[in-house]
Amino acid sequence: MAKLADLKLAYRAYMRGYSYRRIDWTPGAMLSVPLAEARICVVTTAGFTLPGQVPFDATARGGDWSFREIPADADVRRLLTSHKSDAFDRTGIDADANLALPLDRLRERRGRLATVHFSFMGSITAPERLMDTSGPEVVRRVAESGADAVLLTPV
Amino acid sequence: MCHQSVGLIQSLLEREGIPTVSISLLPEVTARMAPLPRVLVVDRPLGYPLGAPGDPALQGEILDAALAMLRFPAPVLTEWPSRAVPSGSFRPDTRA
């Protein structure tokens, strides 16, 4: 698996001194339906956008905290990547978006998946707006969509 | 930084009563944010959360391993490929 020691020196130095933010949560959320029937929503930080959606802003100071909504019937082969980080190898997600947003795998395995999925661009070093604005908005949309559970994937 | 974003969104969802499971490729960062609700630490490089591009079998295996964790009460952390876990570290939920 990946280790911080494998990252470029500049990232290692930055992350060593970085104070990670946390949000308190309380245990208790459980599936209300059997797993096989659960409508799964995927939230990824791979920075995917669909054609026609505004690309993420790689120049935003502190990171682009916005998100894009990906409908369940989206063709993952049409997804574009605009992730700004060079801390990871993007050739995998460029070749196959299922690597981070596995909509094809969910369709093959399950009768139901959530109606909407969400994409962020994860290089957010100043996450305050994610914590107080875009994050809560995604939570609201997930709840509204009737999704039973959420899978989250970083890159 | 991706892992911080994932941890924050995951915590917001769980706080509102929506069960979540996340994949982690960087357990050192995940540990700095612990406890997170349900985490599957996947032994793959950054950028490869579901294993490999163009490998539906591997992607499906990791996806299934992650979704299976939704049966367990949070917090719980598991590794893929699976390793022996001391008994008593988590208990199965009998409802799901």
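Please read these numbers as outputs of a predicted model, since none were measured by experiment.

Engineer: Can you help me understand the side chain of D104(A) in this one?
Structural biologist: Following the sequence through the fold, D104(A) ends up in helix α3 (residues 103-109). If we skip the residues at most four places from it in the chain, D104(A) touches V76(A), R77(A) and N98(A).

Engineer: Can you help me understand the packing of helix α4 (residues 128-145) of chain A against helix α1 (residues 2-15) of chain B in this one?
Structural biologist: In a pair of packed helices, the angle between the axes and the distance between the axes together describe the arrangement. Close contact between α4(A) and α1(B) brings their axes to 9 Å; oriented N to C, the two are set at 55 degrees. Comparing their axes, α1(B) and α4(A) come out oblique. Judged by the sense of rotation from one axis to the other, the crossing of α4(A) with α1(B) is right-handed. Residue-level inspection shows L130(A), M131(A), G135(A), P136(A), V139(A) and V142(A) of α4(A) in contact with α1(B), the latter providing S5(B), L8(B), I9(B), L12(B) and L13(B). Taken together, the residues that form the contact of α4(A) with α1(B) break down as nine nonpolar, two polar and no charged.

Engineer: Looking at this structure, how should I read the interface of chain A and chain B?
Structural biologist: Bring the parts together and some accessible area is lost; that lost area is often taken as the interface size. Every contact between the two is made by 63 residues of chain A and, on the other side, 65 residues of chain B. With both sides pooled, the region where chain A packs onto chain B buries about 5500 Å², and carbon together with sulfur makes up 71% of that total. When residues of chain A are sorted by the area they lose upon contact with chain B, M1(A), W25(A) and M30(A) head the list and together hold 15% of the total. Taken together, the links from chain A to chain B amount to one salt bridge. For D64(B), the salt bridge identified is with R109(A), shortest N-O distance 2.8 Å. Joining chain A to chain B, the criterion identifies 25 residue pairs in polar contact (both at pLDDT 80 or more). When contributions to the side of chain A that touches chain B are tallied by element, the ones reaching two or more residues are α1 (9-16), β1 (40-44), α2 (91-95), α3, α4 and β6 (149-153) of chain A. When residues of the side of chain A that touches chain B are assigned to their parent elements, the largest contribution, seven residues, is made by α4(A). Residues that form the side of chain A that touches chain B fall into these classes: 40 nonpolar, twelve polar and eleven charged. Relative to strand β1 (residues 20-24) of chain B, β6(A) runs parallel, the two sharing three bridges. When the sheet's bridge partners are listed, L151(A) is paired in β1(B) with V21(B).

The rules behind the values
Residues numbered from 1 in each chain as written. Chains lettered and ligands numbered in written order. Predicted model: local features only at pLDDT ≥ 70, side-chain atom pairs only at ≥ 80, totals over all residues. Heavy atoms only, no water. Helix = DSSP H or I, 4+ residues; strand = E, 2+ residues; numbered from the N terminus. Contact = heavy atoms within 4.5 Å. Axes fitted to C-alpha atoms, helices over the stretch in contact; angles between N-to-C directions. Parallel < 35°, antiparallel > 145°, perpendicular 65-115°, else oblique. Left-handed = near helix turned anticlockwise from the far one by under 90°. Nonpolar A, V, L, I, M, F, W, Y, C, P; charged D, E, K, R; others polar. Buried area = accessible area lost by both parts, 1.4 Å probe. Salt bridge = Lys/Arg side-chain N within 4 Å of Asp/Glu carboxyl O. Polar contact = N/O pair within 3.5 Å; in protein donor to acceptor, adjacent residues only side chain to side chain. Pairing = 2+ DSSP bridges.

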